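Residue strings, one per chain:
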Amino acid sequence: MKSNLQLDAKGLSCPMPIVKTKKAIDTLASGEILEVQVTDKGALADIPAWVKAGGHAILDKSEDAGVITFFIQKA
Amino acid sequence: MSNKVAIIASNGGLFDAYKVFNIATAAAATEKEVAIFFTFEGLNLIHKQGMHALPMPAGAEHYAEGFAKANVPAIPQLVEMAQELGVKFIACQMTMDVMGLTTDDFVEGIEVGGAVTFLEFAKDAAPSLTF
């Protein structure tokens, strides 16, 4: 999947993945896609909750060798 | 639905600081309007020097290793992040007077107020949290 911006939040723990995701999405226009990579297991639940609160959409989620990747489309 | 989160920080340890600032930054990053009322020992959390050396609870010192391993941000970093995200810091005037502290003792950009200042903000906040 193609994204407009990639964010590497690997190795960061709560609340930094959310804070970084918020800052990254603020730089995008509506409809653009942010790709976020995290290793914090808490983010598995937190990113979807944050996406829901902001009215954004998760287009894809995958996990590979402990790295979780989300594709988030900005509302 | 309320878009405000009101937090009272009344304890001054390292664990207390993480509870307060993690919730505050997460809420602010989720487009909430956040205010923290720092009172009594809670003032330590925004004290220019104090926030760099917040104590662990007695007997919990061994968690220092876990903090390092989990790559948890330092408290001053979270304080800066919270302010950058627009979290409002209100220091309790009465406690400052009792402890002989002035605004110069605290990080830049704080407000000083009394209980009513906080209550006015918190009256339509959900959740209101106390740490």
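Here we summarise the structure given alongside this text. (Residues numbered from 1 in each chain as written. Chains lettered and ligands numbered in written order. Predicted model: local features only at pLDDT ≥ 70, side-chain atom pairs only at ≥ 80, totals over all residues. Heavy atoms only, no water.)

### So, the overall build of chain B
Argument step 1. For chain B, the helix and strand inventory stands at five helices and five strands.
Argument step 2. The helix and strand sequence of chain B, counted from the amino end, reads β-α-β-α-α-β-α-β-α-β.
Argument step 3. In terms of overall dimensions, chain B is globule-like: its C-alpha atoms have a radius of gyration of 14 Å, near the 14 Å expected for 131 residues.
Argument step 4. Dimensions along the principal axes, computed over C-alpha positions, put chain B at roughly 40 × 35 × 25 Å.
Argument step 5. Counting all 131 residues of chain B, 45% fall into the buried class. (Helix = DSSP H or I, 4+ residues; strand = E, 2+ residues; numbered from the N terminus. Rg over C-alpha atoms; globule rule 2.2 N^0.38 Å. Buried < 20%, exposed > 50% of the residue type's maximum accessible area, 1.4 Å probe, protein only.)

### With respect to the interface of chain B and chain A
Argument step 1. Taken residue by residue, the interface counts 16 residues in chain B and 13 residues in chain A.
Argument step 2. Buried surface at the junction of chain B and chain A, summed over both partners, amounts to about 1100 Å²; 63% is from carbon and sulfur atoms.
Argument step 3. Of all residues in chain B, Ala29, Thr30 and Met81 of chain B give up the largest surface area on contact with chain A, accounting jointly for 34% of the area buried on that side.
Argument step 4. At the junction of chain B with chain A, the criterion picks out two salt bridges. (Contact = heavy atoms within 4.5 Å. Buried area = accessible area lost by both parts, 1.4 Å probe. Salt bridge = Lys/Arg side-chain N within 4 Å of Asp/Glu carboxyl O.)

### What about the environment of Ala126 of chain B?
Residue and element names in this part refer to chain B.
Argument step 1. Within the secondary structure, Ala126 is located in the loop between helix 5 (115-122) and strand 5 (128-130).
Argument step 2. Judged by relative accessible area, Ala126 falls into the partly exposed class, the value being 45%.
Argument step 3. Taking the C-alpha atoms as reference points, Ala126 and Phe38, separated by 88 residues in sequence, lie 18 Å from one another.
Argument step 4. The residues contacting Ala126, other than those within four sequence positions of it, are Ser2 and Lys4.

### So, the side chain of Lys22 of chain A
Argument step 1. Mapped onto the secondary structure, Lys22 of chain A falls in helix 1 (residues 16-26).
Argument step 2. Among the polar contacts listed, one links the side chain of Lys22 of chain A to the side chain of Asp26 of chain A, at a separation of 2.8 Å.
Argument step 3. Engagement of the side chain of Lys22 of chain A in a polar contact is seen with the side chain of Glu31 of chain B, the distance being 3.1 Å.
Argument step 4. Beyond its immediate sequence surroundings of up to four residues, Lys22 of chain A is in contact with Trp50 of chain A together with Ala28, Ala29, Glu31 and Leu85 of chain B. (Polar contact = N/O pair within 3.5 Å; in protein donor to acceptor, adjacent residues only side chain to side chain.)

### Describing the sheet that holds strand 4 (residues 67-73) of chain A
Residues and elements named next belong to chain A.
Argument step 1. With mixed pairing, four strands are arranged side by side in an open sheet as 1-2-4-3. In this open sheet, the two edge strands, each paired with only one partner strand, are strand 1 (5-9) and strand 3 (57-64). The sheet shows a mean angle of 15° between the axes of neighbouring strands, direction not considered.
Argument step 2. Both strand 1 and strand 2 (residues 33-38) contribute to a ladder of five bridges, which runs parallel. Counterpart to Ala9 in the pairing with strand 2 is Val38. (Pairing = 2+ DSSP bridges. Axes fitted to C-alpha atoms, helices over the stretch in contact; angles between N-to-C directions.)

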